[in-house]
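Residue-level structure breakdown
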Amino acid sequence: MTAASRPAEPDADPRAAGYAIEEELRAALPTPDGRPPRIAGLDEVGRGAWAGPVVVGAAVTDLSAPPGLPGRGGRTVALTDSKLLTRRHREAFAEILPGWLTGYALGSASPEEIDELGMTEALRRAAVRALEALPEPPDVVILDGDRDFLRHPWRVRCEVRADQRSVSVAAASVLAKVHRDRLMADLDAEFPGYGFADSAGYPSPAHQKALAENGPTPHHRLSWSYLDDLPRWRHLRRHRDPLAGEGQLSLL
């Protein structure tokens, strides 16, 4: 009986990620030397933020049972999509996952890269940086979502809600989220008032108020449309010229 098909324990977390996707890939992708294929789960955080980098996590497991955390009433908090975990549980997982995973890495793309290249290419660069930083290159990548922004030469399996269904992707999700939240909390001390420690660069009332009063920081994405709603700072909006090709910018 596989880990994915094994009945849940009575105190198991029903949100727990499993290994069904990984086991299907392992069965379908024999390697020339007979070893099991290395499968990397990939997930991003920060795509919709107004400030800060986009961060991509990559995680590889040996398909053993992932660690859990003690929860209320004797229940176990299982590894799952970072958005379904409390901050305390995310941070606790981020402490133990590196010692359990067979490999993990993080990659990022800066606000400047997002402005210059667009989000799709920025995501691809961040993902490639994470994958190339793994101890060994993966044979296949599980990508959360239905769009393959990695493309050649990476072998990719796109899966909707993979961060809730795949242990590898869930681990990548948690590590990327905790890493980026800490980066944004550090920026909060440098730029107080924008609420970076609480909102991680996403729009919030405090963030929008600080933008209207003080304008964008050096860590804001200047190609994003929120600037159109800020009359005092609208002139800072950067626009990619669609006739000049990807990566070309005009400052209007």
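In short, a report on the structure. As the structure is a computational prediction, the values presented were derived from the model and not from experiment.

What follows covers the sheet that holds strand β5 (residues 103–109). Read from one edge to the other, the open sheet built from 5 strands follows the order β5-β2-β1-β6-β7, with strand pairing classed as mixed. Whereas interior strands pair on both sides, the edge strands pair on one side only; in this sheet they are β5 and β7 (156–159). For this sheet, the mean inter-axis angle between neighbouring strands, taken without regard to orientation, is 20°. In this sheet, β5 lies alongside strand β2 (residues 54–60) in antiparallel orientation, the contact comprising 7 bridges.

For Ser-166, the position within the fold is in the loop between α5 (162–165) and α6 (167–190). For Ser-166, a relative accessible area of 0% translates into the label buried. Separated by 2.6 Å, the side chains of Ser-166 and Glu-22 make a polar contact. Setting aside its immediate chain neighbours within four residues, Ser-166 contacts Ala-17, Gly-18, Ile-21, Glu-22 and Ile-142.

Listed as buried for helix α8 (residues 205–214) are His-207, Ala-210 and Leu-211. End-on, the buried residues of α8 take up no more than an arc of 100°, which puts them together on one face. Of the residues in α8, the exposed ones pointing more than 90 degrees away from the buried face are Pro-205 and Lys-209. In this structure, the buried residues of α8 make contact with α7 (196–199). Among the residues trailing α8, Gly-215 stands out with phi positive, at a value near 80°.

A few words now on the environment of Pro-70. Relative to the helices and strands, Pro-70 is located in strand β3 (residues 69–70). For the pair Pro-70 and His-89, spaced 19 residues apart in the sequence, the C-alpha separation amounts to 9.5 Å. The contact partners of Pro-70, leaving out residues within four places of it in the chain, are Arg-75, Val-77 and His-89.

All told, the structure shown has 2 aromatic pairs when counted by the stated rule. With 4.7 Å between their ring centres and 15° between their planes, Trp-50 and Tyr-226 make a pair best called stacked. Linking Trp-50 in the loop between β1 (39–45) and β2 with Tyr-226 in the loop between α8 and β8 (238–240), this pair joins segments that are 176 residues apart in sequence. Overall, the relative accessible area of 5% leaves Tyr-226 in the buried class. On the numbers, 5.6 Å between centres and 25° between planes, the contact of Tyr-194 with Phe-196 is stacked. The burial state of Tyr-194 is the same as that of Phe-196; both residues are buried. The lysine or arginine in question, Arg-221, covers the ring of Trp-224, its NZ or CZ lying 5.1 Å from the ring centre.

One pass over the full model with this rule turns up 18 salt bridges. Across the pair Arg-124 and Glu-121 runs a salt bridge, and its minimum N-O distance is 2.9 Å. One end of the pair, Arg-124, and the other, Glu-121, are both in helix α4 (residues 119–132), 3 residues apart, so they sit about a helical turn from each other. Glu-121 sits in the buried class, given a relative accessible area of 15%. Of the charged contacts in the structure, one is a salt bridge between Glu-213 and Lys-209, with a shortest N-O distance of 2.9 Å. Taken together, the residues Glu-213 and Lys-209, both in helix α8 and 4 residues apart, mark about one turn of the helix. When salt bridges that share partners are traced, they join Glu-24, Arg-157, Glu-159 and Arg-165 into one network.

Soluble globular proteins tend to pack their nonpolar side chains together in the buried interior. One finds Leu-42, Leu-131, Leu-134 and Leu-150 to be the most contacted residues of the largest nonpolar core, which totals 23 residues. Formed by 20 residues, the second largest nonpolar core is a distinct cluster that contains Ala-59, Leu-63, Ala-170 and Val-178.

Moving on to unusual backbone geometry. A cis amide bond, omega 5°, links His-152 with the succeeding residue Pro-153. The residue Pro-153 is located in the loop between β6 (140–144) and β7 in this model. Although it is not a glycine, Arg-161 sits at a positive phi angle of roughly 60°. Examined against the element boundaries, Arg-161 turns out to sit in the loop between β7 and α5.

Calculation rules
Residues numbered from 1 in each chain as written. Predicted model: local features only at pLDDT ≥ 70, side-chain atom pairs only at ≥ 80, totals over all residues. Heavy atoms only, no water. Pairing = 2+ DSSP bridges. Helix = DSSP H or I, 4+ residues; strand = E, 2+ residues; numbered from the N terminus. Axes fitted to C-alpha atoms, helices over the stretch in contact; angles between N-to-C directions. Buried < 20%, exposed > 50% of the residue type's maximum accessible area, 1.4 Å probe, protein only. Polar contact = N/O pair within 3.5 Å; in protein donor to acceptor, adjacent residues only side chain to side chain. Contact = heavy atoms within 4.5 Å. Arc of directions from axis to C-beta. Phe/Tyr/Trp six-rings, centres within 6.5 Å; stacked < 30°, edge-to-face > 60°. Lys NZ or Arg CZ within 6 Å of the ring centre and 35° of its normal. Salt bridge = Lys/Arg side-chain N within 4 Å of Asp/Glu carboxyl O. Core = buried A, V, L, I, M, F, W, Y, C linked by side-chain atoms within 4.5 Å.

Everything listed here is a matter of geometry and, on its own, says nothing about what the molecule does.
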